[in-house]
Amino acid sequence: MARESHLETTIGKSLVSTIADAKVLMVGAGGIGCELLKNLVMSGFKNIEVIDLDTIDLSNLNRQFLFQKQHIKKSKAHIAKASALAFNPNVNIVSRHQNIKEQEFSVDWFKSFDLVMNALDNLDARRHVNKMCLAANVPLVESGTAGYLGQVTIIQKDKTECFDCQPKETPKTFPVCTIRSTPSTPIHCIVWAKSYLFGLLFGNAEDDDDETLSKEDSGNEETAKELAALAQEAQALKAILASADTEGFANRVFDKVFHTDILRLRSMEDMWKSRKPPTPLKYDDIMSTAEDLQKAMDATTLDSGALKDQRVWTLRETVEVFSDSLLKLTSRLKIMRETDAEASVQFDKDDSETLDFVTATANLRAHVYSIEEKSRFQVKAMAGNIIPAIATTNAIVAGMMVMLAFKILNKRIVDCKTSYLVYGRHRPQLIVSEPLAKPNPKCYICRNSYIGLKIDTEKSTVQDLISLLEGNSLQEVEIQENGRVIYDPDFDDNAEKTLASLELSDGKFVDVVDEDDRKIIVCLKHIDSAELGENKYEIEGDIEQALEQQTVMRQQLKELQEAEAAHEHQEDPDVVMSDINKKRKHDEILSVSETTKSPLKKTTLEGVAHPSVEDVAPLDGVGDGTSSAQAVDLDEVVIVDGKSIDVVILD
């Protein structure tokens, strides 16, 4: 075919054949994922599996081009597959509307792929895929974008640093894809309240697009019903807003947002297979509850006005603040529109009424989803600016991912580099690269040895696991699972319990440490005892070799630590600045930076790193002066015109 002929001319016949035979797993079908899947099917890949738990939202359509309006509320993975096949129908694509962390996606399942490509938007899933690829010894192409910034790198066990080699701070950047339907943290609720509902009620929100939706042509009956339902929801809210001056207005808005819309979300059964569904609220039910009224009265008695901001309101108080702030902001908007028909109210953390509304709405949302609620003081601190996702950034990053995939499949990992997409620098380069960093000797994830263990988790006890470990050169072991102590010589309460009763089932990792501080990670694989026969278990891998490797790595780490300590002692005391002078110098640098066009000082945007200043000195504001092996993770603060601001990413 012409497509194959073009590829053979470009990258060679041998590589084209290798690519066609390779089996690729793509995790995530959002902003990066849409671009990546299109690139893969157009670049000769013939066997692709794509997995994503999310569904398509109207806000995705401006950058996730494989989706259209008739696809709203449908599976991203399934629709991405259908749309990508239009580019190349000769590709075998398997789509899964599932969570990558489900037990069925075991280490053995990961081993069935030649390459894994991450297009994820959260740290937890990234860490999971990173660990699974290390255990399966499958190369991983990791990526991330944030506004105009992007990064692509490779993770290969024992050859490169892994995702957890460098510590990641708790992110302050979050995707909007899950915020609209499946929030899981307080900041998700705050972003939803501030960026979606506030704009819908007091602004000119682009998401209120029911007229366009209702006109969208669709030959699919299910899609037509979905579009009609969305249009009906939008029209219902418009009708309520039109009655702002009538009695019961706040009641009607409340029931629409926290009851009717939540009932609709609950009806999407696939979304709640692996998570708790939301609980709808009714305005009248809350306001008539005597118990909550008593709590509110007690809280009012105990707290002064100043302290009220620093405690979490009761549910009744929250509803009252919601109603009061809604009426005040609606009245303000009406006055503004008397002189300007397009006027809108803007959120401001220092505006008491807007902050009240966002705090109350966010906490009501949190209550619905059984998420921790926050005080007004905390909401004010957490509310930050929003960086929109950029379609062009996703396209560039996806292109770089495919180029790295070519090199991996062509056995040229040594030629791969970590690449960064930068923007707004003094020099014209758009992409900056640096060599792949070596594994961090101190990393607990990739510097440990992974051993597979086939065992009947339903019948085998913790003592059985201890016995087989002790029979393989491990003595006085301590066993943990995800930070939870399962067994310790001084804590043997679980010894006679079955592994399954402790939720140690198929696909779970347990960390084992012996008396000599040698560590291995055991991946449990449930096999019925009848299949295992008399041995009762089967070990995949060589524990003796793994322990020897651990001994060597421990010695290397010890030598590294000694060398670092010796280097510190050998420094010229005349050159070493005192702690006071260091702080003074740091403050001077910051003060100078604020009067100039300041670089990004140790900036962080979730999952996206920047190269170090040491490697790319001419570029303004790239990194924080760390070594080349220590890329800076971008997810905390951005400095704009000398002012630091928190960021939230829309993806």
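Each chain carries its own residue numbering, running from 1 in the direction its sequence is written. Residues qualify for local features only when their pLDDT is at least 70, as the model is predicted, and side-chain atom pairs are given and counted only at 80 or more; totals for whole chains, interfaces and linings, by contrast, use all residues. Water and hydrogen atoms play no part in the side-chain values, which are based on all heavy atoms of the structure.

**Concerning the pattern of salt bridges**
Throughout this description, the term salt bridge denotes a Lys or Arg side-chain nitrogen within 4 Å of a carboxyl oxygen of Asp or Glu. Summed over the entire model, instances satisfying the criterion amount to 21 salt bridges. Notably, a salt bridge pairs E104 with R96, separated by 3.9 Å at the nearest N-O pair. In this structure, a network of salt bridges that share partners links the residues D108, K454, K525 and E540.

**Focus: the nonpolar core**
In this description, a nonpolar core means a group of buried Ala, Val, Leu, Ile, Met, Phe, Trp, Tyr and Cys residues linked to one another through side-chain atoms lying within 4.5 Å. Here's how the labels work: a residue is buried when its accessible area is under 20% of the maximum for its type, exposed when over 50%, partly exposed in between, all with a 1.4 Å probe on protein chains only. With 51 residues, the main nonpolar core has F254, F258, F322, L326 and F357 as its most contacted residues. It is helix α8 (residues 186–202) that provides the largest number of residues to this core, a total of 11 residues. Any two residues whose heavy atoms approach within 4.5 Å at even a single point are treated as in contact. Contacts of F258, omitting those with residues within four sequence positions, involve W192, P280, L281, F322, T361, L364, R365 and V368. Judged by nonpolar contacts, the second largest core, of 45 residues, contains A22, L61, I154 and L409. Under the DSSP-based scheme used, a helix requires at least four consecutive residues in state H or I and a strand at least two consecutive residues in state E, with every element numbered from the N terminus.

**Focus on the sheet that holds strand β5 (residues 140–146)**
The sheet built from 8 strands is open, its strands ordered β3-β2-β1-β4-β5-β6-β8-β9 with mixed pairing. If you trace the sheet from one side to the other, it starts and ends with β3 (92–96) and β9 (431–435), each paired once. Neighbouring strand axes in the sheet, compared pairwise and without regard to direction, differ in orientation by 15 degrees on average. DSSP calls a pair of strands paired once it identifies at least 2 bridges connecting them. For strand β1 (residues 23–27) and strand β2 (residues 47–51), the ladder comprises 5 bridges, and the chain directions are parallel. In the strand pairing of β2, V27 is matched with I51. Where helix α18 (residues 391–409) meets the sheet, it contacts β4 (115–118), β5, β6 (149–155), β8 (417–421) and β9, and its direction lies at approximately 15 degrees from that of β6. To get an axis, fit a line to the C-alpha atoms, keeping to the stretch in contact for a helix; angles then go from 0 to 180 degrees between the N-to-C directions.

**Overview of the sheet that holds strand β12 (residues 484–487)**
In space, the 6 strands of this open sheet follow the order β12-β11-β13-β14-β10-β15, with mixed pairing throughout. Sheet topology places β12 and β15 (537–540) at the edges, where each strand pairs with a single neighbour. Across the sheet, the mean angle separating the axes of adjacent strands is 30 degrees when strand polarity is ignored. Direction of pairing for strand β10 (residues 449–455) relative to β15: antiparallel, over a ladder of 4 bridges. Bridge pairing in β15 links I455 to Y537.

**What to know about the pairing of strand β11 (residues 478–481)**
In β11, alternate side chains face the same way, and those of I479 and E481 are buried while those of E478 and Q480 on the opposite face are not. As paired elements, β11 and strand β13 (residues 509–513) share 3 bridges and run antiparallel to each other. Looking across to β13, one finds that E478 is bridged to V513. Sheet analysis places β11 next to β12, joined by 3 bridges and oriented antiparallel. Each residue of the ladder has a partner; that of E481, found in β12, is R484.

**Thoughts on helix α19 (residues 462–470)**
One turn of the α-helix equals 3.6 residues, which is why residues spaced by three or four share an orientation. Considered for burial, the residues of α19 that qualify are V462, L465, I466, L468 and L469. Axial view of α19: buried residues confined to an arc of 165 degrees, hence all on one face. Here, the arc refers to the directions that run from the helix axis to the C-beta atoms.

**Quick word on the confidence of the model for the protein**
Within a predicted model, pLDDT stands for the predictor's per-residue confidence, ranging from 0 to 100. Considering every residue of the protein, the mean pLDDT works out to 77; 75% of them sit at 70 or more. Counted against residues more than four places away or in other chains, residues 205–219, with its pLDDT under 50, gives 30 contacts. In the predicted structure, residues 572–651 sits below a pLDDT of 50 and forms 189 contacts with residues beyond four places in sequence or in another chain.

**A short note on the packing of helix α11 (residues 249–266) against helix α16 (residues 352–368)**
The contact between α11 and α16 brings their axes to 12 Å, and the two run at 25 degrees. Classified by the interaxial angle, the pair formed by α11 and α16 is roughly parallel. Here α11 and α16 pass one another in a crossing that is right-handed. Residue-level contacts link F254, F258 and I262 of α11 to T361, L364, R365 and V368 of α16. Of the residues in the contact of α11 with α16, the class split is 5 nonpolar, 1 polar and 1 charged. In these notes the angle categories are as follows: under 35 degrees is roughly parallel, over 145 is roughly antiparallel, 65 to 115 is roughly perpendicular, and the rest is oblique. By definition, turning the near helix anticlockwise from the far helix through less than a right angle yields a left-handed crossing, and turning it clockwise yields a right-handed one. Residue type decides the class: Asp, Glu, Lys and Arg count as charged, Ala, Val, Leu, Ile, Met, Phe, Trp, Tyr, Cys and Pro as nonpolar, and the leftover types, Gly among them, as polar.

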